[in-house]
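Given next are the chains, with one letter for each unit.
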Amino acid sequence: MPIFDAPFDPARETALVTGAGNGIGRAVALALVGEGVRTVFADIKAETVAAAVAAAAQPGLAIPWVGDLALRAECDRLLADSRSALGLITHFVHSAAPPRREADHALAVTDDTWERMRAVNVDAGFHLGREVSRALIAAGVPGSMLYLTSLHAETPRNLPHYSTSKAALAMLVKEFAKTLGRYNIRVNALVPGAIAAGGFVADPTLARHIPLGRLGRSDDLAPLALAVLSNRISGYVTGAAIVIDGGISLTNWFDPPVLED
Ligand SMILES: NC(=O)c1ccc[n+]([C@@H]2O[C@H](COP(=O)([O-])OP(=O)(O)OC[C@H]3O[C@@H](n4cnc5c(N)ncnc54)[C@H](O)[C@@H]3O)[C@@H](O)[C@H]2O)c1
């Protein structure tokens with residue numbers, strides 16, 4: 001059989017995608033449904049979740065869920081609702097992240113903004129990933145998880161709450177990958193460059209720093225996300241951070257923040 005014919009087994013495999021109302025999470029969730037995988041679309045915004053589910057190739061396979069993943073109780077409700085809808089969750093994608101605002105540099109960011117960024121990226125990513133894994137281990141079933149990190153896990157972004165939370169997430173991927181490998185649960189990071197989605201207000205002039213000559217689109221990420229999630233295609237890939245950035249990481253394009261002193 002050709003390698004790319006059946007990346008997933010829809011009879012056995014299911015998915016939970018956070019941040020599925022918009023941008024990269026939406027593109028990945030829609031692509032999973034396109035492969036016939038029953039997928040929970042989780043996001044804080046009811047309207048965007050409804051629109052994403054309506055856009056699915058097979059809307060019956062797309063299950064909407066709305067809640068605030070900064071809250072532990074909501075994460076637990078998401079897990080319970082996903083299990084009711086899907087049974088075992090075999091694939092988990094963590095794309096949710098609060099919006100970034102250029103004004104939130106190190107001297108300006110508030111405690112609330114700092115806390116919320118960490119809560120959604122790191123705390124929810126850890127809790128949801130661990131619980132998904134525990135269920136897979138108990139069932140003796142393989143699975144995979146994909147975390148959206150950032151080039152700014154390694155280089156400052158003038159947004160310390162964002163870059164530190166992505167750095168933590170990058171290490172969480174490695175911790176999970178190392179611990180869960182023996183259970184055949186693979187855990188990887190997808191590292192986008194400048195993607196004109198919702199979370200990043202893209203300045204089109206950035207394109208001149210990008211070897212491939214344009215900003216990225218959410219749809220650029222979905223095929224690679226599915227390839228990395230697929231046990232069939234990427235069965236020997238874990239703990240990897242896969243950069244998809246049109247080559248922008250070959251340049252260094254952010255000036256220091258503008259400070260008003
Ligand atoms: N766009 C980029 O250039 C870029 C670059 C590097 C990394 N990333 C990462 O990729 C992921 C997706 O980015 P995007 O640009 O598509 O973002 P986006 O803002 O378009 O989508 C993020 C989604 O998360 C949801 N969300 C925010 N807070 C939430 C909460 N408390 N509970 C539930 N859902 C919540 C939002 O409503 C939104 O739909 C993020 O983790 C982001 O950090 C994006």
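Residues numbered from 1 in each chain as written. Predicted model: local features only at pLDDT ≥ 70, side-chain atom pairs only at ≥ 80, totals over all residues. Heavy atoms only, no water.

Novice: I keep staring at the pairing of strand E1 (residues 14-18) and nothing clicks. Help me out?
Specialist: Regular strands place side chains that alternate from one sheet face to the opposite one. Burial analysis of E1 places 5 of its 5 residues in the buried class, which makes it a mostly covered element. Across the two faces of E1 the burial is the same, with Thr 14, Leu 16 and Thr 18 and Ala 15 and Val 17 all buried. With 5 bridges connecting them, E1 and strand E2 (residues 38-43) associate as parallel partners. The residue bridging Val 17 from the neighbouring strand is Phe 41, located in E2. Traced from E1 through helix H1 (residues 23-34) to E2, the parallel crossover comes out right-handed. (Buried < 20%, exposed > 50% of the residue type's maximum accessible area, 1.4 Å probe, protein only. Helix = DSSP H or I, 4+ residues; strand = E, 2+ residues; numbered from the N terminus. Pairing = 2+ DSSP bridges. Right-handed = clockwise from strand over helix to strand, strands pointing away.)

Novice: Looking at this structure, how should I read the site of the ligand?
Specialist: Lining the immediate environment of the ligand, one finds 31 residues, of which Asn 22, Ile 24, Asp 43, Tyr 162 and Ile 195 sit closest. Within the contact set of the ligand, an oxygen atom lies 2.7 Å away from a side-chain nitrogen or oxygen of Asn 22. Interatomic distance of 2.6 Å between a side-chain N/O atom of Tyr 162 and an oxygen atom of the ligand. Coverage of the ligand by the protein chains reaches 95% of its 820 Å² of free accessible surface. For the shell around the ligand, the elements supplying multiple residues, two or more each, are H1, helix H4 (111-139) and helix H5 (160-180). (Near = heavy atom within 4 Å. Polar contact = N/O pair within 3.5 Å; in protein donor to acceptor, adjacent residues only side chain to side chain. Areas by Shrake-Rupley, 256 points an atom, 1.4 Å probe, with all protein chains shown as cover.)

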